[in-house]
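Fold and contact review
So the chains spell out like this:
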Amino acid sequence: MRIPVILASTLLALGAPLMAQSMPPATMPFQGRLTLQGSGLDVNAFLGMSFRIYATPVGGAVLWTETHPLVQVSRGLFKVELGSVTGIPSTLFDNGDLFVSVQVGTDAEMTPRTKLTSQAFAQLAKNAVDVRNRDINPRTVTVNGLPVIDQNGNWVGSPTGLVGPQGPQGPAGATGATGAQGLQGDVGPAGPTGPQGLQGVAGPQGLQGLQGDVGPAGATGPQGLQGVAGPQGLQGLQGDVGPAGATGPQGLQGVAGPQGLQGDVGPAGATGPQGPQGDAGPMGPQGLQGDVGPAGATGPQGLQGDAGPAGPQGPQGDVGPAGATGPQGLQGDAGPMGPQGLQGDVGPAGAAGPQGAQGDAGPQGPPGLQGDVGPQGAQGDAGPIGPQGLQGDVGPQGPQGETGATGATGATGATGATGPTGPQGPQGDTGPQGPIGLMGPQGATGATGAGHTLARKTASETLTSDNTVNDDAQLFVAMGANETWEFEAFIITNVGNSNNPDFKFTFAVPPEATIRWVASQQNEASATVNHQVPVTVSGGERIIDMNSNHVFIVRIRGVVQNGSNAGNLQFQWSQNNLSTNTTTVQANSFLKAGKF
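Fair warning: this is a prediction, and the values are worked out from it, not measured in the lab.

**Looking at the confidence of the model for the protein chain**
Averaged over the protein chain, the pLDDT score is 76; the fraction of residues at 70 or greater is 60%. Note on residues 9-25: pLDDT is under 50 here. Beyond four places in sequence and across chains, it has 45 contacts. Per-residue pLDDT stays below 50 along residues 122-132; that stretch engages in eleven contacts with residues further than four places along the chain or on separate chains.

**Some details on the nonpolar core**
Counting 31 residues, the largest nonpolar core has Phe-487, Phe-505, Phe-507 and Ile-556 as its most contacted members. Secondary-structure elements contributing two or more residues to this core are β12 (470-479), β13 (484-495), β14 (503-508), β15 (514-523), β18 (551-561), β19 (567-574) and β21 (590-595). If you tally residues by element for this core, the top one is β13, at five residues. Residues contacting Ile-556, with those up to four places away along its chain left out, are Phe-487, Glu-488, Ala-489, Ile-491, Phe-505, Phe-507, Trp-517, Val-518, Ala-519 and Phe-571. Membership of the second largest hydrophobic core comes to 24 residues, among which are Met-28, Leu-47, Ile-53 and Leu-116.

**Points about the environment of Asn-581**
Tracing the sequence through the fold places Asn-581 in the loop between β19 and β20 (583-585). Of the residues examined, Asn-581 reaches a relative accessible area of 25% and is grouped as partly exposed. When the C-alpha positions of Asn-581 and Thr-464 are compared, they lie 6.0 Å apart, and in sequence the two are 117 residues distant. Residues contacting Asn-581, with those up to four places away along its chain left out, are Leu-463, Thr-464, Asn-497, Ser-498, Pro-501 and Gln-575.

How each quantity is defined
- Residues numbered from 1 in each chain as written.
- Predicted model: local features only at pLDDT ≥ 70, side-chain atom pairs only at ≥ 80, totals over all residues.
- Heavy atoms only, no water.
- pLDDT = per-residue confidence, 0-100.
- Contact = heavy atoms within 4.5 Å.
- Core = buried A, V, L, I, M, F, W, Y, C linked by side-chain atoms within 4.5 Å.
- Buried < 20%, exposed > 50% of the residue type's maximum accessible area, 1.4 Å probe, protein only.
- Helix = DSSP H or I, 4+ residues; strand = E, 2+ residues; numbered from the N terminus.

Here's what the structure looks like:
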């Protein structure tokens, strides 16, 4: 097989060890990479290779050579053992540096040659002449055909006479230095909460620290007891809602007057401007909570009816159970939690943060009796915060004061602007389908479309000793002048008992026609698909490196623009290398083409 290749890289290293006599190295492994010229694709083939050693990088006489008739190249990579065919003379490494060349098949010898440094071989050869009072570097040791030391330096011979009595134990070695702290591991999941420790004795109260930032609002506490509701006045009739007036400006806050008796509700008049906000009267004590009536079952949602007049308000029911607690505020980063120990005594208070400037505080007198609440004065400037005194005992709760009179109800504010339109209601059910109309008359028959032309190989065809591509007698499609066609081919092929013939194929088209096609091949026993470089000229050939007695599937797809000459889109094929072994295109291979 003649393949134009490039040797991308090589590597030389020492092979088998020297014996304890004046001999050259047994073999040297040589490995390299072959790629196709032009495309740069890796070579996959079995190739003949010749290797030569020279004393000069160019020219000069051949000092040693050997030929490997069949070297496997897979994905461009190959490896051989130099000296495995023709022994390397012991005197070859006596004259300085050497250079190795590679020749693939009948191609020219590749350049540049690869330099092989001889010092390592020369040194090994000297050591191997006489090993008295010298170090040796064998891979294994064998005596009278029996291995005694393996490639790992372990004794594998007879243990007789080798093992002595056990000696006394030596002293313990010094403790090694502590290793560096490892990286912080991920925080493990929190363990179960341990039992509550005993309550320690409370330590003395420390000084008050600086005011911290306000934390997130806590969950709302349960509602206090409901006060007793006063008697409900009679509900007046609901008047019609008047048109919304423009919102008036906010008035000044008026003084709250005493609460009058609840009169009958008159008809609702037009909404007037917002009156001034009255002063809030003092809040009366909260009455007791009334019992909550049982909740009735929820009925289905009815249609929205007209609003009836509002009935009198019923008594306040018992407060229902507290709702679910709102979401917890964001939690700050927490360090890993250790196991909970027993509650120890409270340690001394830590140092307080820096205190702001503190004003002088007078002595605190005993608390006096609770006086009546006077009117609230203007807010004075805040004085400096004094130190917090000790917590005094909670005194008894004083009697609850009388409920203050409710201030007069302010005028109703103007009606707000109309809210945005609500979301669109769900789509109604689709109405029943109308009756099918009468069938119209049949139209005239259209012109025949381009369609596809199929060409199938009805019987297998075999070649021997022929590496010139020839027309396949069945796989072709006739094309008219100035027509454009797309085509696809499915070729089933195999070689006989040798890898050598391989398979070469192409397409021929009439003069002035242009063609572009791509191809890929796959061993029928493998899932790997190999792609060929696209072809853009008539007769551009592609080659498939095939294994003996394996079936390959070749898939081709392309397009051709014909010129002024009618002619055929013709599939052509042959062996790639002359061989008496067979190359076959099997029956049911086909060519399919369609005209645009």
